[in-house]
Each structure stands twice: as C-alpha cells, then as structure tokens.
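In case you want the letters, here they are:
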Amino acid sequence: MKAVRLHDYRKPPTVEEIPDPVLSGPLDVIVRIGGAGVCRTDLHIVEGQWQKAMNPTLPYTLGHENAGWIEEIGAGVTDLAVGDAVIVHPQPSCGLCFACRCGDDMRCENAFFPGVSNHDGGMAEYLRTSARACVKLRADTDPAEVAALADAGLTAYHAVRKAIPLLPPGTTAVVQGVGGLGHIGIQALAALTATTIVAVDTNPAALDLAKRVGADHLLLADGSHIDHVTDITEGRGADVVFDFVAEGGAEQDAWAMTGNGGSHYVIGYGGELRVPTAEFVLGQRNVVGNSVGSHRDLVELMELAHAGRIALHNQRYPLEAAAQAFDDLANERVRGRAVLVP
C-alpha cells in the first residue's frame, strides 16, 4: 500500500509503497482509510519536537486524524463489521486500567498514539488500530469530511466542554487562532453555550471563516486586539480565552485578554508563557492545559456533526500530494483543515 513515511527529522516525509498492516490481536481492526487529516502536530513531528517525548523508530507512517471503513476485524471484535464507516479516536486505550474505568481514557496507562508514538498512523491506504478506538458513523458519511474531527475537532470540543460551567449567558469567550481547531471551537461554543464569541486571528480570511461559523466579533491580531477585547467586555476582560496558537507571542496575548477570575485555556503549543505569580494570585486567574479528548467527547462531537451543527472545512489532497499539503499548512495556505484522500 502507499503511505506517507518519515525517514529523517527536518526532512519532508515521502510517499512510498510498504506492506499492508495485519491483525496482531483479537481486538484489532484494519481500517481502509477514507481521509487522513494533516495537523500542525505533524509539522512539529517532522521538525523533531516530538522526538524526545515519543522517540518512534524511523521510518514510520504519519497520520493521527483518521476515518474510513472497517476492512477486517479480529476474532474478539463483536461491535463492528466489515464495511462499517468509522472515525478513529487518535489515542486507543485499554479499557482496563484505573483511568479508563473512571472514564478518563485520555490518561490510559496503556494508551498509544498511531502516527505520533512508535506506531504507524493513517496517512496510508490502511491502518491497524483497536476496535475500542472506533466510533461508528452513519453509513452515508464521507469519512474524508470528518477525518480531522478525530483530533482537531476532538481537542477543540474537549476544551469547550470543560469550560461550559464558566460560560453562562452574559459571558465572553475569545477564540485565538481560527485554523483547523479554532473554527471547530467556535462552532462548539455556539452549539453548547450562549456566550459572546470573539474571534482573533492575523489573517482576514480566517476571520471571514470565523464569521461564517458563528463568531460574534472579529478582531485582527494587529496589536490593537487586546484593547478591543477590553472594550467589548466593558473593561473586564474575557471570561475564557481559548488559545489555539500559543506560540510567537500569542500565548502572552491570550493571558492579557483573560479577565480577573477568568481562565486561559491553552490548546496550541510551542511558545512559553511567562507571567508574574502576583497576577495569578491577585487576579485569581487560571491556566488550563488541554489535549485530545475522551471517547465520550468524540461520540458527542459526531452527534453534533451528524446533526449539522458542527462542520469541518476541508481542503482535500490526494495521498500522493502529501508534500504539497504539508507545505500549504506550514505556509498558512490552508483554511480549515488539509485532508489526504487515498
């Protein structure tokens, strides 16, 4: 099969022929890939930022946002059948450890992360994963339309869902960075809360997308946006800031837009937040980290997607054009999410 393989850090991945994956356990499944999202994390992997944390054996196949159809099932799989359309949770969990039994499967002691950890991902024609990682889709769902919801959508939804108690009517939420995650975050906020949504981005085209998906205010990140948030909130600052950028100084902007008693949700990464401790104490402000989401989060997200309340804006590329997709994402030519289609 064809697959997008990383051979060396800081060098572009290549598309090449490798053997098809095979079942290795009774709860394994083989998924025929219908779409694989291209994530900024993939760029960070290529840059070597994940080498120390995950240390995968190179070469390996990238791709952690995957959807498709069940091609083969292990002997112990009873809830899936060949031909079922599925979206794949990016972090398969065991279901047996204490965290899993408490419903906190994101912190599974035995989890792995295909395409990020030392396991082949789904930028390929086929992927081996676990039955537990699969969430069934409606039969008429195009997997390429929803593939990137497996991580980009899931991560954004998880952050918003955690913040719901902080966002009753009359509050303000800032979404900084209206990219692949941010535009889902705006839709999740619109679907689940009555908060006023303020979108912040450096790109006018991204703000156009923010307007189409439900933002109430659009702010160009040109240096004046912090003051504009102060004006919109009548001097209070935002109740919650969702920072989908968190690098290049954006992490400091997010903190500055967070009002006293508010919460700064960090979803993007790469930068370094430096804040005097007195600002935490006197302002009673919180910083909340976010990563991926639970199986339940993914199920709920797909219900919203099936109901038409959350839609992923895609730019599709054939698998063979992976290098172009990576380049377009790195140079901010992608609105929404790039998706590779075998």
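As annotated in an unreviewed UniProt entry, the chain is alcohol dehydrogenase from Mycolicibacterium goodii. The UniProt entry for the chain carries the following text under Sequence similarities (unreviewed entry): "Belongs to the zinc-containing alcohol dehydrogenase family." Under the heading Cofactor (unreviewed entry), UniProt records this for the chain: "Zn(2+)".

Engineer: Let's hear about the overall build of the chain: which residues, and what values?
Structural biologist: Counting secondary structure elements, the chain contains twelve helices and 16 strands. The globule rule puts the C-alpha radius of gyration for 342 residues at 20 Å, and the 20 Å found for the chain is close to it. Its C-alpha atoms give the chain principal-axis dimensions of roughly 60 × 40 × 40 Å. Looking at the 342 residues of the chain, the share that counts as buried comes to 52%. For the chain, restricting intrachain contacts to residue pairs at least 6 apart in sequence, the fraction spanning at least 24 positions comes to 68%. Carbon and sulfur atoms make up 50% of the accessible area of the chain, which totals about 14,600 Å².

Engineer: Give a description of the packing of aromatic side chains that names residues and reports values.
Structural biologist: Using the criterion set out here, one finds three aromatic pairs in the structure. On the basis of an interplanar angle of 80° and a centroid distance of 6.1 Å, the ring pair of W50 and Y269 is categorised as edge-to-face. One end of the pair, W50, is in the loop between helix 1 (40-47) and helix 2 (51-54); the other, Y269, is in the loop between strand 13 (258-266) and helix 10 (277-283), and 219 residues separate them in sequence. Residue class for Y269 comes out partly exposed when judged on its relative accessible area of 29%.

Engineer: Give me helix 1: which residues, what numbers.
Structural biologist: Among the eight residues that make up helix 1, six are buried, leaving the element largely enclosed by the rest of the structure. For helix 1, the complete set of buried residues consists of T41, D42, L43, H44, I45 and V46. For helix 1, the elements touching its buried residues are strand 1 (2-6), strand 3 (28-38), strand 4 (60-61) and helix 12 (322-330). Just downstream of helix 1, G48 is the residue with a positive phi angle, here 90°.

Engineer: I'd like to hear about the environment of D84, residue by residue, with values.
Structural biologist: Note that D84 resides in the loop between strand 5 (66-73) and strand 6 (85-88). Considered as a pair, D84 and W255 are 171 residues apart in the sequence and their alpha carbons are 44 Å apart. If sequence neighbours within four positions are ignored, D84 has contacts with G68, W69, I70 and K136. Looking at D84, its side chain comes within polar contact range of the main-chain nitrogen of A81, at 2.8 Å.

Engineer: An account of the sheet that holds strand 2 (residues 14-17) is requested, with residue identities and associated values reported.
Structural biologist: Taken together, three strands build an open sheet; the order of strands is 2-1-4 and the sheet is antiparallel. Only two strands of the sheet have a single neighbouring strand rather than two, namely strand 2 and strand 4. Pairing between strand 1 and strand 2: four bridges, direction antiparallel. Looking at the pairing, A3 lines up with E16 of strand 2.

Engineer: Give me the pattern of salt bridges: which residues, what numbers.
Structural biologist: For the structure shown, the criterion picks out 17 salt bridges. For R337, the salt bridge is made with E65, and the minimal N-O distance between the two is 2.7 Å. Separated by 272 residues along the polypeptide, R337 in strand 16 (residues 337-341) and E65 in the loop between strand 4 and strand 5 bring together distant segments of the chain. In terms of burial, R337 and E65 fall into one category: buried. Note that E300 is salt-bridged to R161, the shortest N-O span being 2.6 Å.

Engineer: Let's hear about unusual backbone geometry: which residues, and what values?
Structural biologist: Here the residue pair L58 and P59 is connected by a cis peptide bond, since its omega of 0° sits within 30 degrees of zero. Here P59 shows up in the loop between helix 2 and strand 4.

Engineer: Talk me through the state of the cysteines; I want residue IDs and the actual numbers.
Structural biologist: Counted by the stated rule, this structure contains zero disulfides. Not engaged in a disulfide, the cysteine C94 finds its nearest cysteine sulfur in C108; these two sulfurs lie 3.6 Å apart. Residue classification places C94 among the partly exposed residues on the basis of a relative accessible area of 27%. On the basis of relative accessible area, C108 is assigned to the buried category, the value being 9%.

The rules we used
- Residues numbered from 1 in each chain as written.
- Predicted model: local features only at pLDDT ≥ 70, side-chain atom pairs only at ≥ 80, totals over all residues.
- Heavy atoms only, no water.
- UniProt positions renumbered as here; feature names shortened; annotations may be inferred.
- Helix = DSSP H or I, 4+ residues; strand = E, 2+ residues; numbered from the N terminus.
- Rg over C-alpha atoms; globule rule 2.2 N^0.38 Å.
- Buried < 20%, exposed > 50% of the residue type's maximum accessible area, 1.4 Å probe, protein only.
- Contact = heavy atoms within 4.5 Å.
- Areas by Shrake-Rupley, 256 points an atom, 1.4 Å probe, with all protein chains shown as cover.
- Phe/Tyr/Trp six-rings, centres within 6.5 Å; stacked < 30°, edge-to-face > 60°.
- Polar contact = N/O pair within 3.5 Å; in protein donor to acceptor, adjacent residues only side chain to side chain.
- Pairing = 2+ DSSP bridges.
- Salt bridge = Lys/Arg side-chain N within 4 Å of Asp/Glu carboxyl O.
- Disulfide = S-S within 2.5 Å.

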